[in-house]
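# A structural walkthrough
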Amino acid sequence: MDTRAAAAAVDHRPLSERAALNKEALKQSFLDNLFHTQGKFPALASKSDYYLALAYAVRERLLQRWISTAAEYMQKGARTVSYLSAEFLMGPHLGNNLINLGIYDEAKQAMTELGLNFDELLAQEEEPGLGNGGLGRLAACFIDSMATLEIPSLGYGIRYEFGIFHQSIVDGWQVEKTDKWLRYGNPWELQRPEWAVQVKLGGYTEHRSEEDGTLTVRWIPSRLVSGVPYDTPILGYRNNTANTLRLWSAQAPESFDFEVFNRGDYYGAVMQKMSSENLSKVLYPNDEHEGGKELRLEQQYFFVSCSLQDMIRIMQGQRLPLEHFHEKFAVQLNDTHPAIAVAELMRLLVDEHKMPWNRAWQVTCKTFAYTNHTLMPEALERWPLPLFKKVLPRHLEIIFEINARFLDEVRRRYPGDSARVARLSLIDESGPRYVRMAHLACVGSHAINGVAELHTELLKSDVLRDFYELWPNKFSNKTNGVTPRRWMVLANPRLTRLVSDSIGEDWIKHLDQLQKLEPLAESADFRSHWREIKRANKRALAEVIARRCNVAVDPDSMFDVQVKRIHEYKRQHLAALHIIALYLQLKAQPNLELAPRTFIFGGKAAPGYRMAKLMIKLITGIGDVVNRDPMVRDRLKVVFLPNFSVTNGQRIYPAADLSEQISTAGKEASGTGNMKFQMNGALTIGTMDGANIEIREVVGADNFFLFGLTTPQVYALQAQGYRPHDWYEQDPQLREVIDMIRDGYFSRGDASLFRPLVDSLLWHDPYFLFADFRSYVECQQRVGETWVDTERWTRMSILNSARSGKFSSDRSIRDYTKDIWHAPSVPVELLTEHHVRA
Ligand code: NBX
C-alpha cells in the first residue's frame, strides 16, 4: 500500500456516517485507524497493526449498536438474564463480528483491494481462551444466541490475564506454555473503571444487638480487592442488538487504608496489595475438580460479588427497590463455580441493605437457577470447612443459617429420617467437614437443569436424587446446543454457500430449516457438490497438519477425528487400542483391502493429570510407529494436532468424516463437539451417552454408528464385579494389543513407560474399555464398509447435517427463556450519533 495515497484518504466525517456497513466506508475507517489508533503508516505497519486497524474499524460499527442497545434496555426497563460463568471460551472475535454485522465479504474485498491478505490478517488475533472446554464454550454459544434472539443479557465472568495454557508436543509429550493473550492489546474490550467495586476477603465477623432489638452483623475483612469491569460487546446475527460480556479484573484498591491492617509494615502492605491482583491472574486448567485451592475459591467469590454488586448498582440507577431484584434479573449459575452467589446475595440484602431474612430468601430463590454439567461424583465441588471459614467467614455463618432452616423443612417432611438429613445437608459431615456447593445451588435456586436428556434423568435418579424427591418441579432438561453462526457460517464458508444457494439463508437463524436439504440427499449432483466441499475442507486441514505435525496426510482418506479434553472417561485410549488392532491386522495380512484412514486427535490434558498425559504419549507413540512403517503403505496415519482451541476447532470440524464420541455410557453430561461435527456433515461413532442419544434419535439409527454398553448395563457390570483381566484373557486380539503396549512397542522398547496405563486397564479399568473393546472394533468395521460406498456415505452425511436443527443453541436458549428465565425479547432500534448526544 502507498503511504501518501493512504494519508490523503483520511476522512473527517462524523462517526455515524463513517460507520456505514459497506466496503468503501470500511476501507476508510481501516485507514483512519491505522493512522490515528495504531499511529502507523504502511511502510512501518506490521500484520498486527493491520489486524488492529481492521478490528477498530469494526468496533466503530459495534459501538453504535451497543449504545443503541443500552439505551433501548434502559428506556424499557427490560428484564435481564445474567449468565454467571467462571469461563467464557469465546474464540476470536473479528471474523464472528464481521459475520454478525453482515459485512464479512465486504471486509475481505476491502482488504484485498488494499493489497492485504485478509485470512492472514484474521489469523493475527490471539483468541481469548478463557475456558477449559465444553462448559466455557457453551457459555460463549449461549451469549451469542441470546444476542441473536434479542434477549437482554449480561455475561459475567473473570478477565483472566492468562487463559488456558498453550500446548505444544515435544518428543510426544504435552508441554505447557503460558497464554499471554493480552500481549498486543485487546481491541474488543472497554475498561469501565467508573463501575469498579470493592470485594472483601478473610477476617472475622462481629455480632451486635442494636438498641432497637435487631441483630446486626459486621464483617471485618483482612483484605480488600477492587474489581474493575472490562466490557466486550456481543453482537446478535444481523440485528441491532449488542449485549455485554462483563469480565472482572482484580486490582489493588486505591483507597485501602492499609495502615489499619499492617501497622507500620509498608513493604508487607504493598506486597499484600500486589498479591490481591493475583486473583484474576490465571485460569485453573483443571476441567474436573480443583481440590481445595484457596485462590480458586477466592476467584469464584470475587467475580460473583462483583457481579451481584453490579446488578444492585444497575437497579439503583433505575430506582428499582431491591425487593424486585428477581423481577429485574434472572441469574443463571453455570455449574457450581458461581454457587457462592446464593450466600452473597443473602449477605448483600440482609447485612448491607437491611432486608429481613425471610424476604431476602424469597428474592434469592426466585433469582437463581442452576445448571449442572457433570455426573462424575468426584467432580462435585466441595470446600473444606476451615478453608471456607478463612476466606469467607460471614458466608459460612449464612450457609449455616440457610442449612438450619432447610434441614428443619426436611425433618418436617421426613420425620425420623436422619440419614436423609445427613445426605441433604449443605455440610458434608461424614468425615472432615466440607461445604457442598451443589447443595447450596439446589437449595438457593428455583430451577435445576441437566444438559441432555440422559444426564437430567441420571441427576434425578442418582446424583441429585434426594433433591429431586424433595422438589421434583424444580428439575428440567435443557439439552445443550451450539451456535451455527460460528460453527457453520464462519468455520465452513463453502458449505454455507452451498446450503444458502440451495435453501436460502433462513437456516442461519432457524436451524430447523436445514431439513429442506433432505430431498437433496437423493440428487447425485448435490451429493457431488457436498463431497467437493468436504474434500476442500480436508485439503485445508491437511495443510495445517503438514505444517504443525510434519506428517503428510491424504485428503482422500477417511478423516476419523477425536478432539476434546483428554480424559480417561472420554476414552481416547479406546480409540488407540482400535488403531493398534488395525495395525496388527495390516501387519498380518499386508494385502488386506483397507480404505485409507487418517486418525486425528487433539485436546489438552490437565497439567497435573498424569494418566491423561500418558494417553497423549501413547497416541503420539503409535503415530511414530505407524506413520513410518512401509508395510502400512499410507493406509493408516495417526496425528496428534497440538493446541486444540476454538481457532483450531474451526478448521477441524468442517473437515471431519467421522466423529468419535466414545465416552463410557453415563459419564459424559452432554458433549457439544458431537453437535459441531454433525452440523458439518460428519457421521458419528458413539455410545449411548449424553447428547449422542438425541443425535441418534434425530438422524435415525441407520445414520449413526452405535456401539457399547448402555448405562444400566455399565451399572450392572459394576455391581456384579467387573474383572477386566478376564476380558483381556478371553479376547486374543485385545491381548495382543495390550501386550504390545506393555512390551514397549510404542515406546522404543521401554517396557516401563506405559505400565501405569496398562496396569490400570488390566486391574481396574474404571471406564470399561475392555468391556466395550469388541463392540467398538466391530462397529468400526461397519464404518469401514459403509465408507467405501461413497454415495451412501454422502447421503448419510447430508442427512446428518439436515437433521441437526435441534442442536442450535438458539433452541437451547428458547427453552431456558420459556421455562426458567421468562425474559421477553427486546428488539433494538438503531440510534444515530445525533440521537445519542441529544
Ligand atoms: O460441559 C462439560 C461436560 O463434560 C460436557 O459433557 C458438556 O457438554 C459441557 C457443557 O455442558 N463440562 C466441562 O467442560 N467442565 C469444565 O470445563 C470444568 C471446568 C472447571 C472445573 C470443572 C469443570 N472446575
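Residues numbered from 1 in each chain as written. Predicted model: local features only at pLDDT ≥ 70, side-chain atom pairs only at ≥ 80, totals over all residues. Heavy atoms only, no water.

## A look at the overall build of the protein
Selection rule: Only DSSP runs of H or I covering at least 4 residues are called helices, and only runs of E covering at least 2 are called strands; the numbering of each starts at the N terminus. What the globule rule says is 2.2 Å times the number of residues to the power 0.38, and the radius of gyration is computed from C-alpha atoms. The rule is simple: take the accessible area with a 1.4 Å probe, protein chains only, and divide by the maximum for that residue type; under 20% is buried, over 50% is exposed, in between is partly exposed. Accessibility throughout is a Shrake-Rupley quantity obtained with a 1.4 Å probe, and a residue counts as covered only by protein chains that appear here. His residues and chain termini do not enter the charge count, which takes Lys and Arg as positive and Asp and Glu as negative. By convention, charge coordinates are those of NZ in Lys, CZ in Arg, CG in Asp, or CD in Glu.
Check the secondary structure of the protein and you find 36 helices and 25 strands. A globule of 838 residues ought to have a C-alpha radius of gyration of about 28 Å, and the protein, at 28 Å, matches this closely. Taken along the three principal axes of its C-alpha coordinates, the protein extends 95 × 80 × 55 Å. The buried share of the protein, reckoned over its 838 residues, is 62%. Surface accessibility of the protein: about 32,600 Å² in total, with carbon and sulfur atoms responsible for 50%. Across the protein, the centroid of the 100 positively charged side chains sits 1 Å from that of the 104 negatively charged ones.

## Regarding a nonpolar patch on the surface
Short version of the rule: Excluding any residue in a salt bridge, patches collect residues exceeding 30% relative accessible area, merging like charges within 9 Å and nonpolar Val, Leu, Ile, Met, Phe, Trp and Tyr side chains within 5 Å. Whenever a carboxyl oxygen of Asp or Glu lies within 4 Å of a side-chain nitrogen of Lys or Arg, that contact is scored as a salt bridge.
There is a patch of nonpolar side chains on the surface, built from Tyr266, Tyr267, Met271 and Met274 and spanning about 510 Å² of accessible area. With respect to the helices and strands, the residue Tyr266 is situated in helix 10 (residues 266-276).

## A word on the domain arrangement of the protein
Interface extent is often summarised as the accessible area lost during association of the parts. Applied cut-off: Note: domain ranges come from an automatic or database domain assignment. Contacts between residues were defined by any pair of non-hydrogen atoms, one from each residue, lying within 4.5 Å. A simple way to read buried area is as the amount of 1.4 Å-probe accessible surface that goes missing from two parts once joined, with both sides added. Distance and chemistry together define a polar contact, namely a pair of N or O atoms within 3.5 Å, with one atom able to donate a hydrogen and the other to accept it when in protein, and with adjacent residues in sequence counting only for side-chain atoms on both sides. Three classes are used, and their members are as follows: Ala, Val, Leu, Ile, Met, Phe, Trp, Tyr, Cys and Pro are nonpolar, Asp, Glu, Lys and Arg are charged, and the others, Gly among them, are polar.
Looking at the protein, the domain boundaries give domain 1 (77-91 + 127-173 + 189-403 + 821-831) and domain 2 (498-706 + 771-806). Averaged C-alpha coordinates put domain 1 and domain 2 at centres separated by 38 Å. The partner domain 2 presents 29 residues to the 28 residues of domain 1 that form the contact. In total, about 2,300 Å² of surface goes out of reach between domain 1 and domain 2, with carbon and sulfur atoms giving 59% of it. The largest per-residue losses of area from domain 1 upon contact with domain 2 belong to Gln167, Trp173 and Tyr237, which jointly make up 24% of the total buried on that side. At the junction of domain 1 and domain 2, the tally comes to 13 residue pairs in polar contact (both at pLDDT 80 or more). Taken together, the elements giving at least two residues each to the side of domain 1 that touches domain 2 come down to helix 8 (134-148) and strand 5 (166-170). Considering only residue class, the side of domain 1 that touches domain 2 consists of 10 nonpolar, 12 polar and six charged.

## Remarks on the environment of Glu127
Positionally, Glu127 belongs in the loop between helix 7 (118-122) and strand 3 (129-130). Taking the C-alpha atoms as reference points, Glu127 and Met615, 488 residues apart in sequence, are found 26 Å from one another. If near-sequence neighbours (up to four positions away) are discounted, Glu127 is found in contact with Leu89, Gly91, Pro92, Trp181, Ser645, Val646 and Thr647. In terms of polar contacts, Glu127 uses its side chain to reach the side chain of Ser645, at 3.3 Å.

## As for helix 19 (residues 453-463)
Three or more residues of helix 19 are buried, namely Leu454, His455, Thr456, Leu458, Leu459 and Lys460. Where helix 19 is buried, its residues touch strand 18 (445-450), helix 20 (465-470), strand 19 (475-477), helix 28 (692-699) and helix 29 (711-720).

## Overview of the pattern of salt bridges
One pass over the full model with this rule turns up 62 salt bridges. With its nearest N and O atoms 2.9 Å apart, the salt bridge here joins Arg485 to Asp144. Note that Arg485 is positioned in helix 21 (residues 484-490) and Asp144 in helix 8, a separation of 341 residues in sequence. In terms of burial, Arg485 and Asp144 fall into one category: buried. Salt-bridge contacts for Glu791 lead to Arg531; the nearest nitrogen and oxygen are separated by 3.1 Å. Separated by 260 residues along the polypeptide, Glu791 in helix 34 (residues 790-802) and Arg531 in helix 23 (residues 524-549) bring together distant segments of the chain. Given a relative accessible area of 26%, Arg531 falls into the partly exposed group.

## Some details on unusual backbone geometry
Most peptide bonds are trans, and most residues other than glycine sit at a negative phi. With a phi angle near 45°, Arg238 is a residue other than glycine that sits in the positive phi range. The topology assignment puts Arg238 in the loop between strand 11 (223-235) and strand 12 (242-251). The phi torsion at Arg571 lies on the positive side, around 65°, for a residue other than glycine. Topologically, Arg571 is positioned in the loop between strand 20 (558-563) and helix 24 (572-588). Given a relative accessible area of 0%, Arg571 falls into the buried group.

## Digging into the packing of aromatic side chains
The test is simple: Each pair of aromatic rings taken from Phe, Tyr and Trp, with Trp reduced to its six-membered ring, is defined by centres within 6.5 Å and is described as stacked if the planes are under 30 degrees apart, edge-to-face if over 60, and tilted in the remaining cases. Definition used: whenever NZ (Lys) or CZ (Arg) falls within 6 Å of the ring centre and also within 35 degrees of the ring normal, the charge is taken to sit over that ring.
Tallying each qualifying case throughout the model produces 22 aromatic pairs. Over the aromatic face of Tyr414 sits the side chain of Arg420, whose NZ or CZ is 3.9 Å from the ring centroid.

## With respect to the side chain of Glu125
Within the fold, Glu125 resides in the loop between helix 7 and strand 3. The side chain of Glu125 sits in the buried core without any salt bridge; Arg486 is the nearest counter-charge, 7.1 Å away. Once residues within four sequence positions are removed from consideration, Glu125 is found in contact with Tyr51, Pro92, His93, Leu94 and Trp188.

## Brief notes about the packing of helix 14 (residues 357-367) against helix 16 (residues 393-413)
So the rule is basically this: A fitted line through C-alpha atoms represents every axis, and for helices the fit uses only the stretch in contact; the resulting angles, taken between N-to-C directions, go from 0 to 180 degrees. Oblique is the label for every angle not falling under 35 degrees (roughly parallel), over 145 degrees (roughly antiparallel), or within 65 to 115 degrees (roughly perpendicular).
For the pair helix 14 and helix 16, interaxial distance at closest approach is 13 Å and the crossing angle is 90°. As judged from the angle between their axes, helix 14 and helix 16 are roughly perpendicular. In this structure, helix 14 contributes Trp357, Asn358 and Trp361 to the contact, and helix 16 contributes Ile398, Glu401, Ile402 and Arg405. Residues belonging to the contact of helix 14 with helix 16 are distributed by class as follows: four nonpolar, one polar and two charged.

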